[in-house]
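Here's the letter readout for the chains.
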Amino acid sequence: MENEYQNQESQRFDTMGPVQYQSQHTPPKDPKGGNKKHKALAIASLVLSGLSLCCCWLYVIGIIPAVIGGIFGLIALVGGKDKSVKIMGGIGMGLGIIGVGLSLIMLISYISIINWDNMTMDRFSTYRYVDPNDREEVMRWIQQFFREDISGGMY
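The structure presented is a predicted model; accordingly, all values stated were derived computationally and were not measured.

### A closer look at helix H2 (residues 36-55)
For H2, spanning 20 residues, the distance from its first C-alpha to its last is 28 Å, which sits close to the expected 28 Å at 1.5 Å a residue. For H2, the secondary structure elements touched by its buried residues are helix H3 (63-79) and helix H4 (83-112).

Encoded structure:
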């Protein structure tokens, strides 16, 4: 009887065949065949590059999103399978390049208004004699370091 039971068990397992597992780590695809990851990078590229255009006048802060947006746009342009992803990536990369250029132009213009002749330790040490409560005196002290009037009508 035990022999009979072993034969039934072995027959049952022999008919099942090898077990096949399906990989769970395949990247999700959108209906047109493009990769969703590249579409997300293209959208992020557009957003960051657009933000860089808005922030280019804030010293060099605009360069950071411009560079990241340009890199994301390049990745989407090269790796995207869908035409719309490639177009968005190309536009994002182009806006990123423009954002870097505008930020550098603004940085150069800010540097050009500095009066480098007055940038000495002796001039900086005179801050001790300035009354911090007198706004006009503080602005006059700061103004000595710039070629242009930076007061903006303050005094």
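Following the structure, the description resumes.
### A short note on the side chain of Asp 82
Inspection of the secondary structure puts Asp 82 in the loop between H3 and H4. At a separation of 3.1 Å, a polar atom in the side chain of Asp 82 contacts the side chain of Ser 84.

### Description of the packing of aromatic side chains
One pair of aromatic rings is described through two measures. These are the centre distance and the angle between the planes. Summed over the entire model, instances satisfying the criterion amount to 2 aromatic pairs. Ring centres 4.6 Å apart and planes at 15 degrees place the aromatic pair Phe 124 and Phe 145 in the stacked group. In this pair, Phe 124 is assigned in helix H5 (residues 121-125) and Phe 145 in the segment after helix H6 (135-143), connecting sequence segments 21 residues apart. Taking 5.1 Å as the distance between ring centres and 80 degrees as the angle between the ring planes, the aromatic pair formed by Trp 141 and Phe 145 counts as edge-to-face.

### Describing the nonpolar core
A general tendency of soluble globular proteins is for nonpolar side chains to be buried together. In terms of nonpolar packing, the biggest core is built from 5 residues, these being Leu 41, Ala 42, Ala 76, Val 85 and Met 88. Contributing elements (two or more residues each) for this core: H2 and H4.

### Points about the packing of H2 against H3
Axis angle and axis distance: for two packed helices, these are the angle between their axes and the distance between the axes, and together they describe the pair. Packing of H2 against H3 brings their axes to within 7 Å, and their N-to-C directions diverge by 150 degrees. Between H2 and H3, the crossing angle belongs to the class labelled roughly antiparallel. Along this stretch, H2 crosses H3, giving a crossing that reads as left-handed. Contacts between H2 and H3 involve His 38, Leu 41, Ala 42, Ala 44, Ser 45, Leu 48, Ser 49, Leu 51 and Ser 52 on the former and, on the latter, Pro 65, Ala 66, Ile 68, Gly 69, Gly 70, Phe 72, Gly 73, Ile 75, Ala 76 and Gly 79. Of the residues assigned to the contact of H2 with H3, the class counts are 11 nonpolar, 8 polar and no charged.

About the thresholds
Residues numbered from 1 in each chain as written. Predicted model: local features only at pLDDT ≥ 70, side-chain atom pairs only at ≥ 80, totals over all residues. Heavy atoms only, no water. Helix = DSSP H or I, 4+ residues; strand = E, 2+ residues; numbered from the N terminus. Expected span 1.5 Å × (residues − 1). Contact = heavy atoms within 4.5 Å. Polar contact = N/O pair within 3.5 Å; in protein donor to acceptor, adjacent residues only side chain to side chain. Phe/Tyr/Trp six-rings, centres within 6.5 Å; stacked < 30°, edge-to-face > 60°. Core = buried A, V, L, I, M, F, W, Y, C linked by side-chain atoms within 4.5 Å. Buried < 20%, exposed > 50% of the residue type's maximum accessible area, 1.4 Å probe, protein only. Axes fitted to C-alpha atoms, helices over the stretch in contact; angles between N-to-C directions. Parallel < 35°, antiparallel > 145°, perpendicular 65-115°, else oblique. Left-handed = near helix turned anticlockwise from the far one by under 90°. Nonpolar A, V, L, I, M, F, W, Y, C, P; charged D, E, K, R; others polar.

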